[in-house]
There are 2 protein chains.
Amino acid sequence: MQVELLSVGTELLLGQIVDTNAAYLAGKLSELGVNVYHKTTVGDNAERLAAALRICLGRSDVVLATGGLGPTKDDITAAVVAQVMGVRLIEDEASSAKIRAFARERGIQLLDSLLKQAVVPEGAQVVPNPVGTAPGFILARESKTAIALPGVPTEMRAMTEQTVLPYLGQRAEAEGNKSVIFSRVLRVAGIGESQAEAELADLIEQQTNPTIAPYAKTYEVHLRVTAKAANRREAEALIAPVEAEIRRRMGDHVYGADEETLEAIIGGMLTSAGLTLAVAESCTGGLIGHRITNVPGSSEYFLAGLTTYSNESKIKLLGVGEDTLAAHGAVSRETAREMARGVSRAASADIGLSVTGIAGPTGGTSAKPVGLVYLGRSDESGAVTEEVRLRGDRLMIKERAAQLALFLLYRGLKARQEGAG
Amino acid sequence: MQVELLSVGTELLLGQIVDTNAAYLAGKLSELGVNVYHKTTVGDNAERLAAALRICLGRSDVVLATGGLGPTKDDITAAVVAQVMGVRLIEDEASSAKIRAFARERGIQLLDSLLKQAVVPEGAQVVPNPVGTAPGFILARESKTAIALPGVPTEMRAMTEQTVLPYLGQRAEAEGNKSVIFSRVLRVAGIGESQAEAELADLIEQQTNPTIAPYAKTYEVHLRVTAKAANRREAEALIAPVEAEIRRRMGDHVYGADEETLEAIIGGMLTSAGLTLAVAESCTGGLIGHRITNVPGSSEYFLAGLTTYSNESKIKLLGVGEDTLAAHGAVSRETAREMARGVSRAASADIGLSVTGIAGPTGGTSAKPVGLVYLGRSDESGAVTEEVRLRGDRLMIKERAAQLALFLLYRGLKARQEGAG
């Protein structure tokens, strides 16, 4: 089965947004072992969209279109798909009922434009949208299939995972599609891409199936191990020994795999140890708390986050000593230590985590340059601190500092597990 | 002149990298006033690349291809372009001399694969590569032109700016194409895409130059006003009255333009009014503080952020009444009010901002469902609160709640400005 991707939206052709949907879908389809040979982008223009759709359907079995399903006049995907595939448009009653309920709940006017989203090609299977109002659809006619999803990434992803991938997976299986490409991503914190690559150079060189490819993310490295095999189980069997060797070499730097975030892993460790956490932030401004609370259920272990941006708030809210600030400054090992201790005390938490640093672009000196960050972790056995020097713009420094603080916390929890084990 | 983009590379079809080159080129071309109606991606396969190239050259004047010019066997763009356009491949001597010098300087072996990069279609204008070894080329045959650049973003960008844009700009001018496309983005908070569109429906309908297009972002709406004119000044003159009319209709909902974020605008307002801010967060977990501190210089007005995730921390750190929590619950108007007051008191700030709500996926009840959020703002003149009901997953609810809290703060600062004015 050949699937191709069609991104619809003039904003993509004006360079106003980067098409991350296509990369996401391409990755998911290759995991299914589906061949994706083409990806096309057209604007919100009926004639050109119809022409592109005809080209796509001419050479592939399935066209997966994203974008152009919203409420505005520019949103023409459903109409063009119906026209090219020779069917009428009809109102999907379940979808329009959902939109009516949505408008009623929020007390907003039930505009025609909202209801337009419930219109789909006749005979199409509706793809429910669990996080928005515009449904998608799957329209199969003779040997060709058009799938349409909204362009909003969160909606597109939810609908892909819930409906489209199971649908395509079933079709691929029914067609006897016997090879899959399967990847496992090992998530690495605390070292950079070139260091990771150097430690694995011989492995990367020798491996052909699976292959190993390092990717630098803003604040961590992902090692993608990709195998091609008859099915997922065989692919996993090819990957397992390579993964074990990577983990052996990189130790605790490999903190998780695939979609596991550092904050989710930490959440699991805190929960199973029955420990609570409080965070004192300065240069990260609340980002660590934001990441920790992105994990569902984090209210079980996260008691409070105190972002003490001013010296006064460090003194008053965290009990950092005035003499400490006077002698060492707000950006210092000593302040980081007192912040970690202070926040665990203020929030009555088992563990305190702290960050203080200079995110820039101003505020740096030759002794304390932009990017200098101190991290602290405190628990019943004492406090540890770390000095790191980070590169990048303000946001990158914040993101990297938050990641290293979480990594410091992770290592503490890991050592505790091993001590207990 | 119509230009289209062709990205070459199997890694793009496997979803391993996001195609940022295409977005960059599309943006640059639209600034030149060049129409880009199509963008295509194919893998490193000669047959499919040739077929795609024929489709592109059939409908556009110029095809701008990126990728597939490197040293490996997979790099086939030069050969396929030559074949499709009916010319031979020749060695470009300036390029091979440069590659030889490069290898000599670095003491690396002069492999055939390195020299392969100097091979270009006969009759092509070579596009020098100031930051790498692979040159690009511009091949014009009859009325059609193929341009090929390497896929490495730094190389592609340097070559585009140095050679390709001047070339296309000259051609556009020679063809009497004297127009540029210029856009202004008006940033809208506090209302949804369909409501924004409804208020502007007649304008959107009537306008042809400039056009008005609404785009839904995760937590705000962008109205893109795009004009085509002989030069940027004329485009801006076309946009000005339309912008004024949009602002008249939408009032304070239009909080900024282009790259101005809500947090940056708030920062400017706080600075010019000489006011300080403290934030009490619950369901947003620190995200509001993170956004506020993304603005350089925010340490001038942001004193502290207290993320009080537990009831105990709300009582202890913010002074929320135990009786308030018992009578109304943590997610209530009353708690939001006491949190805003409490945080401004705790941090000695002029203004307190608060959020408390249920981000889900669990923790909702029929009386207080997931997505129910209360916002509070407190200053010397008193406190205001708002109830909102948000949709989406946990992260979306956090992002939308943070945005609405910032918008509540923005409106308070705006009213203060107008009161003072």
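Residues numbered from 1 in each chain as written. Chains lettered and ligands numbered in written order. Predicted model: local features only at pLDDT ≥ 70, side-chain atom pairs only at ≥ 80, totals over all residues.

J.: A description of the overall build of chain A should follow, citing residues and the corresponding values.
T.: When helices and strands are tallied, chain A shows 15 helices and 17 strands. With the C-alpha coordinates of chain A rotated into their principal frame, the extents come out at 80 × 60 × 40 Å. For chain A, the residues scored as buried account for 51% of the 421 residues in total. (Helix = DSSP H or I, 4+ residues; strand = E, 2+ residues; numbered from the N terminus. Buried ≥ 20, exposed ≤ 12 C-beta atoms within 10 Å, placed from the backbone.)

J.: Tell me about the interface of chain B and chain A, residues and numbers included.
T.: Counting from both sides, the interface comprises 67 residues of chain B and, opposite them, 67 residues of chain A. In terms of residue class, the side of chain B that touches chain A is built from 33 nonpolar, 25 polar and 9 charged. (Contact = placed C-beta atoms within 7 Å. Nonpolar A, V, L, I, M, F, W, Y, C, P; charged D, E, K, R; others polar.)

J.: So, the sheet that holds strand β12 (residues 254–257) of chain B: which residues are in play, and what are the values?
T.: All names here are of chain B. Strand order across the open sheet formed by 4 strands is β10-β11-β9-β12, with antiparallel pairing between neighbours. Bordering the open sheet on either side are β10 (211–216) and β12, each of which pairs with just one other strand. Each strand of the sheet is rotated relative to its neighbour by a mean of 30°, with strand direction disregarded. Here 6 bridges tie β10 to strand β11 (residues 221–229), and the two strands are oriented antiparallel to one another. Following the sheet pairing, Thr211 is matched in β11 by Thr226. (Pairing = 2+ DSSP bridges. Axes fitted to C-alpha atoms, helices over the stretch in contact; angles between N-to-C directions.)

J.: Requested: an account of the packing of helix α10 (residues 262–273) of chain A against helix α15 (residues 394–420) of chain A, with residues and values cited.
T.: Residues and elements named next belong to chain A. For the pair α10 and α15, the least separation of the axes is 10 Å and the interaxial angle reads 35°. Once α10 is placed against α15, the crossing between them reads as left-handed. Where α10 abuts α15, its residues Leu262, Glu263, Ile265, Ile266, Met269, Leu270 and Ala273 lie against Gln403, Leu406, Phe407, Leu409, Tyr410, Leu413, Arg416 and Gln417. Here the contact of α10 with α15 is composed, by residue class, of 11 nonpolar, 2 polar and 2 charged. (Left-handed = near helix turned anticlockwise from the far one by under 90°.)

J.: Pulling in residues and values, what's your account of the confidence of the model for chain A?
T.: Averaged over all residues, the pLDDT of chain A equals 92, while 99% of them reach at least 70. Listed scores for the predicted complex are pTM 0.79 and ipTM 0.79. (pLDDT = per-residue confidence, 0-100.)

J.: Give a description of the pairing of β11 of chain B that names residues and reports values.
T.: All names here are of chain B. Relative to β11, strand β9 (residues 180–188) runs antiparallel, the two sharing 9 bridges. Bridge pairing in β11 links Leu186 to Leu223. Hairpin connection between β10 and β11: a loop of 4 residues separates the two successive antiparallel strands.

J.: Outline the nonpolar core, listing residues and values.
T.: Of all hydrophobic cores here, the largest spans 248 residues; its most connected members are Ala405 of chain A together with Ala405 of chain B. Sorting elements by how many residues they give to this core places helix α16 (residues 394–420) of chain B first, with 12 residues. (Core = buried A, V, L, I, M, F, W, Y, C linked by C-beta atoms within 7 Å.)

J.: Before we move on, can you summarise helix α8 (residues 193–206) of chain A with the specific residues and values?
T.: Between its first and last C-alpha, α8 of chain A extends 19 Å over 14 residues, near the 20 Å set by a 1.5 Å rise per residue. A bend of about 70° at Leu200 of chain A is the largest found in α8 of chain A. (Expected span 1.5 Å × (residues − 1). Bend = angle between axes of the 7 residues up to and from the residue.)

J.: Account for the sheet that holds strand β12 (residues 254–257) of chain A, naming residues and giving values.
T.: Residue and element names in this part refer to chain A. Pairing is antiparallel across the open sheet formed by 4 strands, whose spatial order is β10-β11-β9-β12. Across the chains shown, the open sheet's two edge strands, defined by having one partner strand only, are β10 (211–216) and β12. Direction aside, neighbouring strands of the sheet carry axes that sit 25° apart on average. Running over the sheet, α8 touches β9 (180–188), β10 and β11 (221–229) and is turned about 175° from β10.

J.: With reference to specific residues and values, describe α10 of chain A.
T.: Residue and element names in this part refer to chain A. Here α10 is 12 residues long and its end C-alpha atoms lie 17 Å apart, about the 16 Å a rise of 1.5 Å per residue gives. Of all the positions in α10, only Leu262, Glu263, Ile266, Gly267 and Leu270 are classed as buried. Angular distribution of buried residues about the axis of α10 spans 135°; they occupy a single face of the element. Elements in contact with the buried residues of α10: β12, β13 (277–281), α11 (287–292) and α15. Gly274 sits one or two residues past α10 and shows a positive phi near 65°. (Arc of directions from axis to C-beta.)

J.: Before we move on, could you go through the environment of Arg389 of chain B and cite the residues and values that matter?
T.: Note on placement: Arg389 of chain B falls in strand β17 (residues 382–389). Put simply, Arg389 of chain B and Gly357 of chain B are 32 residues apart on the chain and 9.4 Å apart in space, counted from C-alpha to C-alpha.

J.: An account of unusual backbone geometry is needed here, citing residue identities and associated values.
T.: The omega angle of the peptide bond from Asn209 of chain A to Pro210 of chain A is 5°, so this bond is cis rather than trans. Among the structural elements, Pro210 of chain A can be located in the loop between α8 and β10. Its identity is not glycine, yet Glu142 of chain A carries a phi of approximately 50°, on the positive side. Residue classification places Glu142 of chain A among the exposed residues on the basis of 7 C-beta atoms within 10 Å. One non-glycine residue, Ser348 of chain B, lies in positive phi territory at about 50°. Along the chain, the position of Ser348 of chain B falls in the loop between α15 (333–346) and β15 (351–357).

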